[in-house]
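Close look at the chain arrangement
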Amino acid sequence: MRSEQIFWPVSADQKDRIWQLCKKRLQRMPIQYVIEEWDFRELTLKMKPPVFIPRPETEELVNLVLEEFSQSSYPGKNPTSIFLEVGCGSGALSISLLHSLPQSHAVAIDKSVDAIKLSLENAERLNVHTRAEILQLDILTDAEELLLLLTQKYGLLDFIISNPPYVFQEDFIHLAAEILNYEDHGALNGGYDGMQVIKAILCLAPHVLKDCGKIFLEVDPCHPDMIQEWLQVQPSLGLDYIATIQDFCGKPRFCVLQKSMQM
C-alpha cells in the first residue's frame, strides 16, 4: 500500500458507516455481531444475533477431538465417521471438524431457528454442507425423534460433541450486558445446576453411540465432579468417565466420556 493511500480522506458514506458501527458497540453489542463475522480456528464464520458466539476455549474442544481421532486405537479413526453435535449455534464445531476430517459426516441439531439458518449458511459458504445434516430439534423435547432419525438413517455414531448451555440459573443474571442483551439465553442457561442439557445428552448417548464411542463436552468448571457423581447413580447408562481436560486458563473445562464395551 502506498503512503498516500494510508491518508486517503474518508468519504461521507464511510464516516457514516463507521459511526453506525461505533453506535452498535457503544450499545454493548458484541463486536462479533457488529462486524458480522468471527474467526474460529482457521475458518471465518458469519455471525448474527442472537446466535451464540463461539468462545476461544471452544477451539480447544475441536483440537481435543482431533487429537483423539489421530490415535490409531480410537474407534472414530474410521475416515467415514459420523458424529452428532448438540446445540450447533453458528455451526462452528461441526464445520471445523468437517473441514479437518474431510470424509466425516455430521448431524447437527439446535432448537433455535436462527441458529439453524446461520449454521446452514456457514456450512454452504465453507463448502461442507453436503456432509452435514442440520436440523431444528430440541434434545430436551425431541429426543425420541432424534433417536429414530439417527438409528434409521445413520446407524450408530462414532462420537458426540457439544458445547451445551451450562450456566447455572443463579449465575445467569450476573453475565455481562453484551451476553444478556444480545445472545440467545437458551444457548446459555443450563437450568438450576447447569446440567439440564448435559444430562439429556448422556441419557441419549448409550442408544446412539457405537461401543467405545466417545462424548466430548465443554462444561462449567464445577461440572466434571458433578457429572461423575451423577453417573455413579446412573449405572444403567453404561458410560465411563474418561478424563477432565483443562482449558488454556487452567480451568477444568472439558469432559471426555465413553460408552462401555458391550459384553
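That block above? That's the structure.
Okay, so let's go over this structure. Predicted, not measured: the structure shown is a model, and the values here were computed from it. (Residues numbered from 1 in each chain as written. Predicted model: local features only at pLDDT ≥ 70, side-chain atom pairs only at ≥ 80, totals over all residues. Heavy atoms only, no water.)

Digging into the overall build of the protein chain
The helix and strand tally for the protein chain stands at 10 helices and 9 strands. Here the C-alpha atoms of the protein chain give a radius of gyration of 20 Å, agreeing with the 18 Å that 2.2 N^0.38 yields for 263 residues. Each of the three principal axes of the protein chain carries a C-alpha extent, and together these read 75 × 40 × 35 Å. Looking at the protein chain residue by residue over its 263 residues, the buried ones come to 48%. Within the protein chain, residue pairs in contact and separated by at least 24 positions form 66% of the contacts whose partners lie at least 6 positions apart. Carbon and sulfur atoms provide 54% of the accessible area of the protein chain, an area that totals close to 13200 Å². Computing the positive centroid from 23 side-chain charges and the negative centroid from 36, the protein chain places the two 6 Å apart. (Helix = DSSP H or I, 4+ residues; strand = E, 2+ residues; numbered from the N terminus. Rg over C-alpha atoms; globule rule 2.2 N^0.38 Å. Buried < 20%, exposed > 50% of the residue type's maximum accessible area, 1.4 Å probe, protein only. Contact = heavy atoms within 4.5 Å. Areas by Shrake-Rupley, 256 points an atom, 1.4 Å probe, with all protein chains shown as cover. Lys, Arg positive; Asp, Glu negative; His and termini not counted. Charge placed at Lys NZ, Arg CZ, Asp CG, Glu CD.)

Topic: helix 10 (residues 223-232)
All of the buried residues along helix 10 are His 223, Pro 224, Ile 227, Trp 230 and Leu 231. Angular distribution of buried residues about the axis of helix 10 spans 130°; they occupy a single face of the element. For helix 10, the exposed residues set more than 90 degrees away from the buried face come down to Asp 225, Glu 229 and Gln 232. Taken together, the buried residues of helix 10 touch helix 9 (196-208), strand 7 (209-218), strand 8 (239-246) and strand 9 (252-259). (Arc of directions from axis to C-beta.)

Things to note about helix 4 (residues 56-70)
Three or four residues apart is the spacing at which side chains of an α-helix point the same way, because the helix has 3.6 residues per turn. For helix 4, spanning 15 residues, the distance from its first C-alpha to its last is 22 Å, which sits close to the expected 21 Å at 1.5 Å a residue. Along helix 4, the residues that are buried comprise Glu 57, Thr 58, Leu 61, Val 62, Leu 64, Val 65, Leu 66, Glu 68 and Phe 69. The secondary structure elements touched by the buried residues of helix 4 are strand 1 (37-40), helix 5 (92-100), strand 6 (157-162), strand 7, strand 8 and strand 9. (Expected span 1.5 Å × (residues − 1).)

What to know about the state of the cysteines
By the definition in use, this model includes 0 disulfides. In this structure Cys 212 is a free cysteine whose sulfur lies 19 Å from that of Cys 255, the closest cysteine sulfur available. The class for Cys 212 is buried, based on a relative accessible area of 16%. Free cysteine: Cys 222, not disulfide-bonded; nearest cysteine sulfur from Cys 255 at 11 Å. (Disulfide = S-S within 2.5 Å.)

Points about the sheet that holds strand 3 (residues 82-86)
Where strands meet in a sheet, backbone hydrogen bonds hold them as pairs that are either parallel or antiparallel. If you walk across this open sheet you meet the 7 strands as 5-4-3-6-7-9-8, and the pairing is mixed. Only two strands of the sheet have a single neighbouring strand rather than two, namely strand 5 (132-136) and strand 8. In this sheet, neighbouring strand axes are inclined to one another by 15° on average, regardless of whether the strands run parallel or antiparallel. Here strand 7 runs beside strand 9; their pairing, made up of 5 bridges, is antiparallel. Pairing of Phe 216 across the sheet is with Val 256, part of strand 9. Lying on the sheet, helix 7 (residues 143-153) is in contact with strand 3, strand 4 (105-110), strand 5 and strand 6; it crosses strand 5 at an angle near 160°. (Pairing = 2+ DSSP bridges. Axes fitted to C-alpha atoms, helices over the stretch in contact; angles between N-to-C directions.)

Observations regarding the pairing of strand 4
Counting buried residues along strand 4, 5 of its 6 residues qualify, which places the element largely inside the surrounding structure. In this structure, strand 3 lies alongside strand 4, joined through 5 bridges in parallel fashion. Its bridge partner being in strand 4, Phe 83 is matched across the sheet by Ala 106. A crossover links strand 3 with its parallel partner strand 4, the connecting element being helix 5, and its sense is right-handed. Alignment of strand 4 against strand 5, held across 5 bridges, turns out to be parallel. In the sheet register, Asp 110 faces strand 5, and the bridge partner there is Gln 136. (Right-handed = clockwise from strand over helix to strand, strands pointing away.)

Details of unusual backbone geometry
Residue Pro 50 follows Pro 49 across a cis peptide bond; omega there is 5°. Following the sequence through the fold, Pro 50 ends up in the loop between strand 2 (43-46) and helix 4. Of note, the phi angle at Arg 41 is positive, near 50°, even though the residue is not glycine. Positive phi, close to 60°, is recorded for Asn 127, a residue that is not glycine.

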